[in-house]
Amino acid sequence: MSTILRAEGITRRFGGHLALSDVRFALEEGTVTGVLGPNGAGKTTLFNVLSGFIPATAGTVVFDGQVVTGMRSDRIVNLGLARTFQLPRPFIGMTALENIEVGCLGPRARARARQAPAVQAAALAERVGLAAKSGITVANLSYGDLRRLDIARALASHPRLLLLDEPLAGLGPSETEPLLTLLRQLNAEEGLAILIIEHKLSEFMRLVDRVVALDYGKVIADGTPAEIVRDARVIESYLGGAEEMEAEDA
Amino acid sequence: MRSIDFGGACLAVAALAALPLLNPGEYLLGVLTLGLIYGIWAAGWDFMSGLTGRANFGYGLFIGLGAYFGGFANTLWRTDPWMGLPIGVGVGVIAALLVGLPTLRLRGPYFALAMLAASVVMERLVLILWRYTGGDEGLNDLDPLVESHVAFYYVALAFLVGSAAILLRLSHSRLGLVLRAIRGDEAACQAAGLDVTFYKIGSLMISAAFGGLGGVLYAHFQLQVSPQLFSMQMAMAIITMAYVGGLGSIYGPVVAAIVLTLATELLRPFGAWRLLVYSILLIIALFLARDGLVAPAWQALRRALSRGRDAAPEPLRQARSPGTSA
Ligand SMILES: Nc1ncnc2c1ncn2[C@@H]1O[C@H](COP(=O)(O)OP(=O)(O)OP(=O)(O)O)[C@@H](O)[C@H]1O
Ligand SMILES: [Mg+2]
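Every chain is numbered independently, its residues counted from 1 as its sequence is written. As they are written, the chains are lettered A onward and the ligands numbered 1 onward, keeping that order. The model is predicted, so local features are restricted to residues of pLDDT at least 70 and side-chain atom pairs to those at 80 or more, both for listing and for counting; the totals for chains, interfaces and linings are taken over all residues. No hydrogens and no water enter the side-chain calculation; it runs on all heavy atoms of the structure.

> How should I be thinking about the overall build of chain A in this particular structure?
Here a strand is any run of E in DSSP of at least two residues, a helix any run of H or I of at least four, and the numbering for each starts at the N terminus. Broken down by element type, chain A carries ten helices and ten strands. In terms of its C-alpha atoms, chain A occupies a principal-axis envelope of roughly 50 × 45 × 40 Å. Throughout, exposure labels follow a simple rule: accessible area from a 1.4 Å probe, protein chains only, divided by the maximum for the residue type, with under 20% read as buried, over 50% as exposed, and the rest as partly exposed. A burial count over chain A gives 54% of its 250 residues as buried. When the accessible surface of chain A is split by element, carbon and sulfur atoms take 51% of a total near 10,600 Å². Of note, chain A has its 26 positive side-chain charges centred 7 Å away from the centre of its 30 negative side-chain charges. Residue exposure ignores everything except the shown protein chains as possible cover, and the areas themselves are Shrake-Rupley values with a 1.4 Å probe. We count Lys and Arg on the positive side and Asp and Glu on the negative side, and we leave His and both chain ends out. A single reference atom marks each charge: NZ on Lys, CZ on Arg, CG on Asp, CD on Glu.

Below, the structure written as structure tokens:
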């Protein structure tokens, strides 16, 4: 197996605040890796740097053998690194299908498409379970639908690596399982590599092959789910507080 | 549904084409002609600014440059007046590229400010370079495009119909979809792999082409070019038309342009008050009818019409081809 993404000493500062500090890890092709960490650990910031949405203060991101640090974010998408957002970002005033179709219009999506964008979009809507709602404007979609819409739009670019920022947040139990099944399918059948942030631990741990744990912008552990749940620092920074957190949510 | 839109458009064009037959008189025909030219501008402005949501306060730049270069070609180099049209389009497109390239890459107010500044600077420059531009007096004694006023009315109508058809088609194409997505969320467009800057500059160039085209038409309509074409007033009138018509609809601004030009020409005796009227209309459109007046009115009418058709007796419904009911 070869490496699809390598983070080399990524540091990101917001004024005096060090959101990421010398973050290093590598992702293998076709694997599912999780990013674990308490609120404010720097997980979303890491995604923003990897996908080129914000520049790194220091460090290098190598995707598919190519340095992508400093590259425009849409170029990175067209190299095969797609992302979703922690809060879904649909195009207001458009239907679900049109939203997905926009994702089918990028150069990478166009180059790989065998069908017209609208046909492709319909197939993607079907794939994420939005087929019945494809004609509905996004204002009338549920939160769970918007999450799936974001994922469908990201998938339209035929990514080789997909960054998912809390895809299960706000989803009911009936919506969680189908989405997990879809992610497993994409990984198994198409070899899509996934890097996922998720606070729903039981689902998270069953999905991922490996976990990178962050706290205060630093990597504090990197290993299999079994290793991570036994890691003293992870327990202290995150898992110990997890029950509290879930109690708060309830 | 599409057939209703097409029917409405045909009816409107037929009505405009029939107007000169009613002998409206030279003055009213002139006002109508002006309305048609404003229609080209309003549609052109709407294509970039209405679809992407980036207001352009300096649209006069493209109008003025088109008119002046068309005018130079005709008065200095004595080229055929028809040759001015492609020149005006080309000059507008190049100006859009020059202003758009450095400013549309940035987020924030840079584009709006740069467009405004460019049109103001150009207006001043025309006065400073009065030896070449004629200063306040502008360029005079342009050749007419066609001999009669009625013929010119039809030329303007033909260009308006062509422009509106092209822009409407583009706005419903994939390009239009991307532009509306940019209006919604630029970052999400980038996440979809789209080069947002490319699309914004491209749409500004298309928008400017129609500004320049209308500028040359206007020059050969007045047979004169003056620095006021660059003015903020000019741009504000067009912006008001676009808002009153309904942003991003193309046809709404066209209709609003014709109606408002007629209305304000009739207000000409009030002189300076005309700007006030435009400003009040714009405020009303912004606060009371956020989607404008023309486009929502047409949508409502269209719904009523299609309800009427669905309620038609059975034989009538069967007579329609199956495709039209969808
Ligand atoms: N644009 C920004 N400007 C200033 N500070 C920021 C910015 N973005 C993030 N931060 C700060 O960086 C830190 C990390 O934020 P980040 O959003 O990456 O956390 P996270 O791990 O995704 O948390 P959560 O689980 O709540 O989503 C936080 O302290 C946050 O306040
Ligand atoms: Mg986050």
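Let's pick the thread back up.
> Any chance you could explain the packing of helix α3 (residues 96-103) of chain A against helix α5 (residues 117-128) of chain A here in plain terms?
To characterise two packed helices, one gives the angle between the axes of the helices and the distance between these axes. Residues and elements named next belong to chain A. Axis definition: a line fitted to C-alpha atoms, over the contacting stretch in the case of helices. Angles run 0 to 180 degrees between N-to-C directions. At their nearest, the axes of α3 and α5 sit 8 Å apart, and the two run at 115 degrees to each other. By the angle between their directions, the pair α3 and α5 is classed as roughly perpendicular. Seen from above, α3 lies across α5 with right-handed handedness. Touching Leu97, Ile100 and Glu101 of α3 are Pro117, Ala118, Ala121, Ala122, Leu124 and Ala125, all from α5. Classification used: nonpolar for Ala, Val, Leu, Ile, Met, Phe, Trp, Tyr, Cys and Pro, charged for Asp, Glu, Lys and Arg, polar for all others including Gly. Split by residue class, the contact of α3 with α5 holds eight nonpolar, no polar and one charged. An angle below 35 degrees is read as roughly parallel, one above 145 as roughly antiparallel, one from 65 to 115 as roughly perpendicular, and any other as oblique. In this scheme the handedness of a crossing depends on how the near helix is turned from the far one: anticlockwise by less than a right angle means left-handed, clockwise means right-handed. By the convention used here, residues are in contact when the closest approach between their heavy atoms is within 4.5 Å.

> Would you take a moment to explain the interface of chain A and chain B for this structure?
Frequently, the measure chosen for interface size is the accessible area that the parts lose on association. With 22 residues of chain A at the contact, the number on the chain B side is 16 residues. Between chain A and chain B lies a buried interface of about 1,700 Å² when both sides are counted; carbon and sulfur atoms form 63% of it. Among the residues chain A hides against chain B, the three largest losses belong to Asp74, Phe91 and Leu105 of chain A. Together they make up 27% of the total. Just to be clear on terms, a salt bridge is a Lys or Arg side-chain nitrogen sitting within 4 Å of an Asp or Glu carboxyl oxygen. Viewed at the interface, chain B and chain A are joined by two salt bridges. Between Arg89 of chain A and Asp185 of chain B there is a salt bridge, and its shortest N-O distance comes to 2.8 Å. By the criterion applied in these results, polar contacts are pairs of N or O atoms within 3.5 Å in which, for protein atoms, one can donate a hydrogen and the other can accept it, and in which residues neighboring in sequence qualify only through two side-chain atoms. If you look at where chain A meets chain B, you find three residue pairs in polar contact (both at pLDDT 80 or more). Only α2 (73-79), α3 and α4 (107-112) of chain A provide two or more residues apiece to the side of chain A that touches chain B. In the side of chain A that touches chain B, the residues fall into ten nonpolar, four polar and eight charged. Summed over both partners, the accessible surface that disappears when two parts come together, traced with a 1.4 Å probe, is what is meant by buried area.

> Please clarify how the sheet that holds strand β7 (residues 161-165) of chain A should be interpreted in this entry.
Pairing between sheet strands relies on hydrogen bonds along the backbone, with the strands arranged either parallel or antiparallel. Residues and elements named next belong to chain A. Reading across from one edge, β6-β7-β8-β3-β9-β10 is the order of the six strands in this open sheet, with mixed pairing throughout. Each edge of the open sheet carries a strand with a single partner, namely β6 (81-83) and β10 (218-223). Between one strand axis and the next, the sheet turns through 20 degrees on average, direction left out of account. When DSSP finds at least two bridges between two strands, those strands are taken to pair. Where β7 meets strand β8 (residues 193-197), five bridges bridge the pair, whose relative direction is parallel. Opposite Leu164, over in β8, you have Ile196 as the bridge partner. Against the sheet, helix α1 (residues 43-50) contacts β3 (32-36), β6, β7, β8 and β9 (210-215), and its axis sits at roughly 145 degrees relative to β8. Strands β6 and β7 of the sheet are contacted by helix α6 (residues 143-155), whose axis makes an angle of about 160 degrees with β7.

> Sorry, what's going on with the sheet that holds strand β2 (residues 17-28) of chain A here?
All names here are of chain A. Across the sheet, which stays open at both edges, the four strands sit in the order β2-β1-β4-β5 with antiparallel pairing between neighbours. Sheet topology places β2 and β5 (66-67) at the edges, where each strand pairs with a single neighbour. The pairing of strand β1 (residues 3-14) with strand β4 (residues 58-63) spans five bridges and is classified as antiparallel. Pairing of Thr11 across the sheet is with Ala58, part of β4. Those strands touched by α1 are β1, β2 and β4, and its axis lies near 115 degrees from that of β1.

> Explanation requested: the coordination of the magnesium ion (ligand 2) in the structure shown.
Octahedral six-donor coordination of a metal ideally yields angles of 90 or 180 degrees, compared with 109.5 degrees for tetrahedral four-donor coordination. Residue and element names in this part refer to chain A. Thr44 (OG1) and Gln86 (OE1) make up the full set of protein donors to the magnesium ion (ligand 2), lying at 1.9 to 2.2 Å. With Thr44 in helix α1 and Gln86 in the loop between β6 and α3, the pair connects residues that are 42 residues apart, well separated along the chain. Residue Thr44 is classed as partly exposed on the basis of its relative accessible area of 26%. Counted as donors are N, O and S atoms no farther than 2.8 Å from the metal, or 3.2 Å for Na, K and Ca; water is not among the atoms, and sites may therefore look incomplete.

> How do you make sense of the nonpolar core when you look at a structure like this?
A general trend in soluble globular proteins is that nonpolar side chains are found buried together. Residues belong to a common nonpolar core when they are buried Ala, Val, Leu, Ile, Met, Phe, Trp, Tyr or Cys residues joined through side-chain atoms within 4.5 Å. Ranked by internal contacts, the top residues of the largest apolar core, which has 87 residues, are Tyr38, Trp41 and Phe62 of chain B. In terms of residue count, the dominant contributor to this core is helix α2 (residues 26-52) of chain B (14 residues). Tyr38 of chain B has contacts with Met234, Ala237, Ile238, Met241, Ala257 and Thr261 of chain B, leaving out every residue within four places of it along the chain. Listed in part, the 44 residues of the second largest apolar core include Leu36, Leu168, Leu186 and Leu201 of chain A.

> Is there a simple way to think about the packing of aromatic side chains in this case?
Geometrically, a pair of aromatic rings is defined through the distance of the ring centres and the angle of the planes. Centre distance within 6.5 Å is the pairing criterion for rings of Phe, Tyr and Trp, where only the six-membered ring of Trp is used; planes under 30 degrees apart are then read as stacked, over 60 as edge-to-face, and the remainder as tilted. Tallying each qualifying case throughout the model produces eleven aromatic pairs over all chains. Where Tyr68 of chain B meets Phe230 of chain B, the ring centres are 5.7 Å apart and the plane angle is 20 degrees; that geometry is what we call stacked. On the criterion of sequence distance, the pair formed by Tyr68 of chain B in helix α3 (residues 60-75) and Phe230 of chain B in the loop between β2 (224-225) and α11 (232-245) is long-range, its members being 162 residues apart. By relative accessible area, which is 2% here, Phe230 of chain B ends up buried. These aromatic residues form a ring-pair network of at least three members: Tyr68, Phe69, Phe72 and Phe230 of chain B. The criterion is that NZ of a Lys, or CZ of an Arg, lies within 6 Å of the ring centre and within 35 degrees of the ring normal, and then a charge sits over that ring. Over the face of the ring belonging to Phe53 of chain A we find Arg83 of chain A, whose NZ or CZ atom lies 4.8 Å from the ring centre. When the ring centre of Phe91 of chain A is taken as reference, the NZ or CZ atom of Arg153 of chain A above it lies at 4.6 Å.

> Sorry, what's going on with the UniProt feature "transmembrane region" (unreviewed entry) in chain B here?
Residue and element names in this part refer to chain B. Here, UniProt's "transmembrane region" (unreviewed entry) annotation points to residues 27-45, 57-77, 83-104, 111-130, 150-170, 201-221, 241-263 and 275-298. As annotated, residues 111-130 comprises 95% helix and 0% strand, and the C-alpha atoms at either end are separated by 28 Å. Between the C-alpha atoms that bound residues 241-263 there is a distance of 12 Å. The span itself is 78% helix and 0% strand. UniProt positions are given in the numbering used here, feature names are shortened, and annotations may be inferred rather than shown by experiment.

> What should I look at first to understand the domain arrangement of chain A in this one?
Residue and element names in this part refer to chain A. Reported domain spans reflect what an automatic or database domain assignment gives. Along its sequence, chain A is organised into domain 1 (1-80 + 160-249) and domain 2 (87-158). Computed from C-alpha coordinates alone, the two centres of domain 1 and domain 2 are separated by 23 Å. With 21 residues of domain 1 in contact, the opposing surface of domain 2 contributes 16 residues. Taken over both partners, the interface formed by domain 1 and domain 2 buries close to 1,300 Å², and the fraction arising from carbon and sulfur atoms is 60%. It is Asn78, Glu175 and Leu182 in domain 1 that bury the most area against domain 2; as a group they hold 31% of the surface buried on that side. Where domain 1 touches domain 2, the interface holds three salt bridges. Here domain 1 and domain 2 share five residue pairs in polar contact (both at pLDDT 80 or more) between them.

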